[in-house]
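# Breakdown of the fold
The lines below spell out each chain.
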Amino acid sequence: MEVTQQLKPKDYRSDIPPVWCAGCGDYGVLASLTTAFSANHASTANTVLVSGIGCSSRLPYFVTTFGMHTCHGRAVPIATGIKLARPELKVIVVGGDGDNFSIGGGHLPHVARKNIDITLIVMDNSIYGLTKNQVSPTSRAGMVTSTTPHGSPDVPLNPIAYALVYGATFVAQSFSSNARLTADLIGQAMNHKGFAFINVISPCPTFNKVDTFEYYKPLLRNIDEIHADKGDKVKALSLAMTMGRESATVPIGLFYQEKRPSYVELLSGIKTRNKGTNNPDLEKIIDVFKL
Amino acid sequence: MGKDIIIRVGGEGGEGVISAGDMLAKASARAGLEVLTFKTFPAEIKGGYAMYQFRVSAEEILSHGDTFNIVVVLNAEAYEINKGLLKPGNVLVYDGPDGGIDPKPVEGVVQYAIPMTKISKVDLASPISKNMVALGAVVQLFSFPMDSLVELVRNKFRKKGEEIVNINLKALEAGAEYVRSNIKKTDKFTVHPKKPEGDAILLSGNEAIGLGALVAGCEFFSCYPITPATEIAIWLAKHLPKTNGVVVQAEDEIASLGHVIGASYAGAKAMTGTSGPGLDLMTELLGFASMAELPLVIADVQRGGPSTGLPTKSEQSDLFLAARGGHGDFPRIVLATATIEDCFYLTVDAFNLAEKYQMPVIILSDGSLAFRTEKIKRPDLAKLNIINREVYSGNGEFKRYEVTDSGISAVSLPGHPGGQYIATGLEHSETAAPKYSPDYHAMMTEKRFRKIENIEDEYAASEYDGNGDEDIGIISWGLTQCSVREAVKRCRDKGLKVSALYPKLVFPVPVKAIRKFASSVKKVLMPEVNYQGQFAELVRAHAGINPIRYDIYGGLPFTPEQIEAKIKEVI
Ligand SMILES: Cc1ncc(C[n+]2csc(CCOP(=O)(O)OP(=O)(O)O)c2C)c(N)n1
Ligand code: SF4
């Protein structure tokens, strides 16, 4: 039987110690996640954490829930399969910006537009950590990395704008060391029916010497102060477009939330309309092929 | 009727050749005849040459046959393509004299001109019913059961309204009437319906895979459309919701296998269907599923490759990919289907093997089988054995990847307190914690492979047909088996000593059966539809025998005649 009393955040931590560098932003995300689990009475048996590959994707090992550490870029479709097969489970994807915007980038539009009921937490360090200092889709233009020694020629991708345009029904941004906001947003995302996206800026002090904690701290701004109507997608998008990471302020908080039937709800409707049953009359189905 | 008749209908894609053929096949099956169909159609949506061939017989049919006895050509292109194949004893039915076809007489070939275009365009003022005129003529010429056809035409067009039903019925009758009043039958082909058996069903290879999955307990199917596999999804999308199952169309094949992996982790029996290019994309996750020890089924309906290759033609050339594709060392099971019955039963087996061994199982079907329809005995569900994975229900220290003698360890499903673990693609300890030491990688690699060490003894992997002392033995896989069966029968009728081994399991290679078989014959012949002799290559490597290869690679399956000729050549 599951313990019914509320678990403390530390009860969600496994005995496998994190392999992250000292000072890595991912520690903050892990702490916020366990806080959110505790606050929302998450069941370790009914929660599944799914990740791809990267420093950030190691996270499921450090937590006592069910989990999957899969292939680079593929956490989102795998999490989708879990949720569609077992809608009662809470399914959360954690991973890096390379994982989710580059190699797995093709999956993002679809999980968002289909409104699959999972939460995606991107630990965005604007660099490839695990493979040691290569340019990432969110690296700023001109950034010097091991594969862009002359400065990156790429224009960076705007995660919030992307998520909004693809049709995500919950879009938020947070900052790793802002534990209270991050935990709060994760809790809201877990309770949101549909696809919830949180971009957590999570500095990599080892390789990314530009987008550091110190760089961000003075720029962060609570979005609630300037953006109250969370259903206003155009406003959310214009904030995402104009207050980017290289501009004077970086808004954090909930950008957008929308109520739209989730994929699980739609599937359940299809089953009902087809008189779905766990005890089907197989002979009747075979009759389809009768001469 | 002789033993059987093979009728080919050729015309323009989109002209109704396939639907007319389907109705004729169904009417024949209803009349108690055995039927087996074979279709080829262009990759284009409209235009191009479409061919529908079907074989009817009062007796069991083993393959699609050598060539046709009767060819019905609906346009000049179809005539041009088929005229060189006409042989004495054949019948040519053509759209003439106004249909633009003006055949030259061929010695011994009976020719019937039916003004299909004129009847449909002028008499009926309905040019689209040319196929029905042709169908009516064929029915009358060879004594197919007309009542049954009328009913099928009614059913097919009912949704489109009474008017459309009537136009089609009128066209059918006009074709028949033309034959009655104008044609003097001089050929010897007539079908003789038997008493229908009550328990037969008629379905295509892709439908049989879908039905097999549903019956095996498939709860989740995700795919990305690709010819010739799409009908598996189309069928399941319609019927799986009745069993509370889920069908998803993913954004690509990587995502579809990802969906399946997630569903399997969550405890569902899950499957995807694809063809070669899709299986290519899936190989990374295939390795993950094997490493994480997740049961799942992939149906790969082969087409000619590489690259976009021959999208609507068949080839047996994905075997290397299925058996060997992917990086690193990992086990998987590959089954190959030869008939519609196989498509059904091997799909059930695939789910059972996946659950038992907790690993991916790939079913290799192919384009010819995908679209072929055949009458089979209705499956007896009470006789099907359904296997479920070993599930951990304890609450002690759970070792997901426990090293056992069988290599199989219990899996826990989300929702079970005490069963928490991380399914992982990283090398790991028995409790799924990352471990990369040489000892662990060796131990776990052996554990994973140990699961299928004895699969040949645990699963009826191949069928043997012989008596242990033959001049030549044939090993074949997949669709080729059909033509081999017919060729073997013909050779034996002629007094040749031939035996055959028909593996269902193609990977791991059923080594014991193959070695035993090879030692019972003087020579081993291996025909396959690919350039590299892919199965022969695996057999050589695994069983240590050196077969004579016979490879064809034109996008068409073997005919029994080709196999028979080769047997005679090498015996
Ligand atoms: C198919 C494939 N390609 C490349 C890699 C190598 N790889 C591992 S992690 C990674 C990038 C990680 O960056 P990110 O997703 O941003 O995560 P971080 O380590 O920064 O947290 C790459 C390229 C891989 N594991 N698999
Ligand atoms: S390399 Fe960067 S992202 Fe990876 S653990 Fe170290 S600090 Fe964190």
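The structure this text deals with has already been given above.
Quick notes on the rules
As a convention, each chain's residues are numbered from 1 in the sequence order in which they are written. Numbering of ligands from 1 and lettering of chains from A proceed in the order in which they are written. Local features in this predicted model are restricted to residues whose pLDDT is 70 or higher, and side-chain atom pairs enter the listing and the counts only when it is 80 or higher, whereas totals over whole chains, interfaces and linings include all residues. Side-chain calculation: all heavy atoms of the structure are included, whereas hydrogens and water are not. Among buried residues, the Ala, Val, Leu, Ile, Met, Phe, Trp, Tyr and Cys ones that are joined through side-chain atoms within 4.5 Å form a nonpolar core. To sort residues, take the accessible area from a 1.4 Å probe on protein chains only and compare it with the maximum for the residue type: under 20% means buried, over 50% means exposed, and anything in between is partly exposed. Note on contacts: a residue pair is in contact if any heavy atoms of the two residues lie within 4.5 Å. Paired strands, in this sense, are two strands between which DSSP finds at least two bridges. Think of it this way: any DSSP run of H or I at least four residues long counts as a helix, any run of E at least two long counts as a strand, and we number them from the N terminus. Every axis in this analysis is a line fitted to C-alpha atoms, fitted for helices over the stretch in contact. Angles between the N-to-C directions lie between 0 and 180 degrees. For each residue, the test is whether any non-hydrogen atom lies within 4 Å of the molecule or strand; if one does, the residue is near. Each residue is assigned to one of three groups, with Ala, Val, Leu, Ile, Met, Phe, Trp, Tyr, Cys and Pro labelled nonpolar, Asp, Glu, Lys and Arg labelled charged, and all others, Gly among them, labelled polar. N or O atoms closer than or at 3.5 Å make up a polar contact, with two conditions inside protein: a donor-capable atom paired with an acceptor-capable one, and, for residues adjacent in sequence, both atoms drawn from side chains. Where accessible areas are quoted, they stem from the Shrake-Rupley method and a 1.4 Å probe; at the residue level, only the protein chains shown are allowed to cover. Salt bridges are defined as contacts in which a side-chain nitrogen from Lys or Arg sits within 4 Å of a carboxyl oxygen from Asp or Glu.

## Remarks on the nonpolar core
Formed by 100 residues in total, the largest nonpolar core has its most connected members in V50(A), M68(A), I261(B) and F535(B). Ignoring sequence-local partners within four residues, the contact set of V50(A) consists of M68(A), T70(A), A75(A), I78(A), A79(A), I82(A), V91(A), I92(A), V93(A) and V94(A). The next biggest cluster of nonpolar side chains, apart from the first, holds 56 residues, and it includes A299(B), L335(B), I408(B) and C482(B).

## A closer look at the sheet that holds strand β13 (residues 360-366) of chain B
Residues and elements named next belong to chain B. Ordered by their spatial adjacency, seven strands build an open sheet running β9-β8-β10-β11-β13-β12-β19, and the pairing between neighbours is mixed. Edge positions in the open sheet fall to β9 (246-249) and β19 (505-507), since each of these has one partner strand only. Adjacent strand axes in the sheet meet at a mean angle of 25°, parallel and antiparallel pairs treated alike. Summarising the sheet, strand β12 (residues 333-336) and β13 pair through four bridges and their orientation is parallel. Pairing of A336 across the sheet is with L364, part of β13. Along the sheet, helix α8 (residues 230-239) makes contact with β8 (220-223), β9 and β11 (296-302), crossing β8 at roughly 140°.

## Description of the site of ligand 2
For ligand 2, the full set of nearby residues is W20(A), C21(A), C24(A), C55(A), N125(A), C204(A), P205(A), T206(A) and F207(A). For the shell around ligand 2, the per-class residue count stands at seven nonpolar, two polar and no charged.

## A closer look at the site of ligand 1
C55(A), S56(A), G98(A), D99(A) and N125(A) are the nearest of the 17 residues found near ligand 1. In this structure, ligand 1 sits where chains A and B come together, each supplying nearby residues. A distance of 3.2 Å separates an oxygen atom of ligand 1 from a polar side-chain atom of D97(A). Take D99(A): an N or O atom from its main chain is 2.7 Å from an oxygen atom of ligand 1. Protein contact buries 77% of the 590 Å² of open area that ligand 1 shows by itself. Counting residues per element, the shell around ligand 1 draws most heavily on helix α3 (residues 97-103) of chain A, which supplies four residues.

## What about the pattern of salt bridges?
Side-chain pairs of opposite charge can arise where the charged atoms are in close proximity. All names here are of chain B. Counted according to the given criterion, the structure contains 42 salt bridges over all chains. In this structure, K185 and D187 form a salt bridge, with 3.0 Å as the shortest nitrogen-oxygen distance. The partly exposed category is assigned to K185, whose relative accessible area is 32%.

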